[in-house]
Amino acid sequence: MSFNEIAVIGAGQMGSGIAHVCALAGYKVQLIDMTMDRAEAGIATITGNMNRQVTSGRISESEREAALDRIRPADTYDQINQADLVVEAATESEEVKRSIFTEICPLISDDAIICTNTSSISITRLASATDRPEKFMGLHFMNPVPVMELVELVRGIATSDETFEAVRTLAERLGKQWTSAEDFPAFIVNRILLPMINEAVYALYEGVGSVEGIDKAMRLGANHPMGPLQLADFIGLDTCLSIMQVLYDGLADSKYRPCPLLVKYVEAGWLGRKAGRGFYDYRGDHPVPTR
């Protein structure tokens, strides 16, 4: 089982990154979003990121041009039947993802595989919203996709060996290292990473340290490349909260309770870099702590 054309649903940060690496690896890509403006904004992001790769010498100008020629933006599913693989990269909401699968299943090829880029939601449960649970699995890329080496491969209870092997081969062709994770809430990376971020927010909430103090402590004391609050802003505080809620609901353990301060920031719309404010304010020349 091999792929020729890939449809990526969602042209945001993750979807555009997935389209980017797929196109560079030689695949034709449909980049689909709710409006053509969003899809074309995804193409603009890809173009800017590929330009930086050319400048740094990671790819050639001819590779950039060929990859961009392989991507076409869309705001409908009119041509999704041409895809051998569909990668859903919509917002981290089970309701949204299930509605997408319900809509696309009657339209795609009978042989097409569906992958979800969910960072926390049950693969088995999402697969139940499709007509092909044996051809459904998790393909969780790390952010930013063109830079990060790892993907998590997550099988649902019904995922076939053929599907897993086809997606594993794809990951390798994309130049990624992979790890196989069991279908438990948040899988491996976020099962470990997000509780650490949540604990950093608790440390801020309880006055243990300031935003800058907590981030400096973990950068210099634990040799992390980015402080946990800075990282939360990069991920998106709404995504962080969503993953913590999945862990809390799915594992029924109080240690996963989302920090009330994280909830408050999300309610305020202070979602991190993408909103201009989170634990840092990004609207000036330099990020400034908001607390």
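Everything numeric here is computed off the predicted structure, so don't read it as measured data.

Draft legend 1. The arrangement of the pairing of strand E5 (residues 113-116) in detail. Taking every second residue as pointing to the same face, both faces of E5 are buried, with Ile-113 and Cys-115 on one and Ile-114 and Thr-116 on the other. Bridge analysis of strand E4 (residues 85-88) against E5 gives four bridges, and the strand direction is parallel. Note on E5: the bridge partner recorded for Leu-85 is Ile-113. At this point the chain moves from E4, through helix H4 (residues 94-104), to the parallel E5, and the crossover so formed is right-handed.

Draft legend 2. Highlighting the domain arrangement of the protein. Each assigned domain of the protein is listed with its residue range as follows: domain 1 (5-182) and domain 2 (190-289). The C-alpha-based centres of domain 1 and domain 2 are spaced at 27 Å. With eight residues of domain 1 in contact, the opposing surface of domain 2 contributes five residues. Across the domain 1/domain 2 interface, buried area totals approximately 550 Å², and carbon plus sulfur atoms make up 52% of it. Summed over the three residues of domain 1 that lose the most area to domain 2, namely Glu-92, Ser-119 and Ser-120, the buried surface amounts to 56% of that side. Connecting domain 1 to domain 2 are two residue pairs in polar contact (both at pLDDT 80 or more).

Draft legend 3. Structural detail: the environment of Asp-215. You can see Asp-215 is positioned in helix H8 (residues 211-221). Taking relative accessible area as the criterion, Asp-215 reaches 0% and is therefore assigned buried. Sequence separation between Asp-215 and Leu-231 is 16 residues, and the spatial gap between their C-alpha atoms is 9.1 Å. Apart from residues lying up to four places away in sequence, Asp-215 is in contact with Gly-227, Pro-228, Leu-229, Gln-230 and Tyr-280. There is a polar contact of 2.9 Å between the side chain of Asp-215 and the backbone nitrogen of Leu-229.

Draft legend 4. Highlighting the side chain of Asn-190. Among the structural elements, Asn-190 can be located in helix H7 (residues 189-205). Of the polar contacts made by the side chain of Asn-190, one reaches the backbone oxygen of Ser-119; its length is 3.2 Å. Residues contacting Asn-190, with those up to four places away along its chain left out, are Ser-119, His-140, Pro-195, Ile-243 and Leu-247.

Calculation rules
- Numbers given to residues run from 1 along each chain, matching the order in which its sequence is written.
- Reporting in this predicted model follows two pLDDT cut-offs: at least 70 for local features of residues, and 80 or more for side-chain atom pairs to be given and counted; totals over whole chains, interfaces and linings ignore these cut-offs and use all residues.
- Calculated side-chain values reflect all of the structure's heavy atoms, with hydrogen atoms and water omitted.
- Relative accessible area decides the class of each residue, using a 1.4 Å probe on protein chains only: under 20% of the type maximum gives buried, over 50% gives exposed, and in between gives partly exposed.
- Starting at the N terminus, helices and strands are each numbered in turn, a helix being any DSSP run of H or I of at least four residues and a strand any DSSP run of E of at least two.
- Paired strands, in this sense, are two strands between which DSSP finds at least two bridges.
- For crossovers, right-handed means that the path from the first strand over the helix to the second runs clockwise, given strands pointing away from the viewer.
- Either an automatic procedure or a domain database provided the assignment from which the domain bounds are taken.
- The contact criterion used throughout is that any non-hydrogen atoms of two residues lie within 4.5 Å.
- When two parts are put together, the accessible area they lose, computed with a 1.4 Å probe and summed over both, is reported as buried area.
- N or O atoms closer than or at 3.5 Å make up a polar contact, with two conditions inside protein: a donor-capable atom paired with an acceptor-capable one, and, for residues adjacent in sequence, both atoms drawn from side chains.

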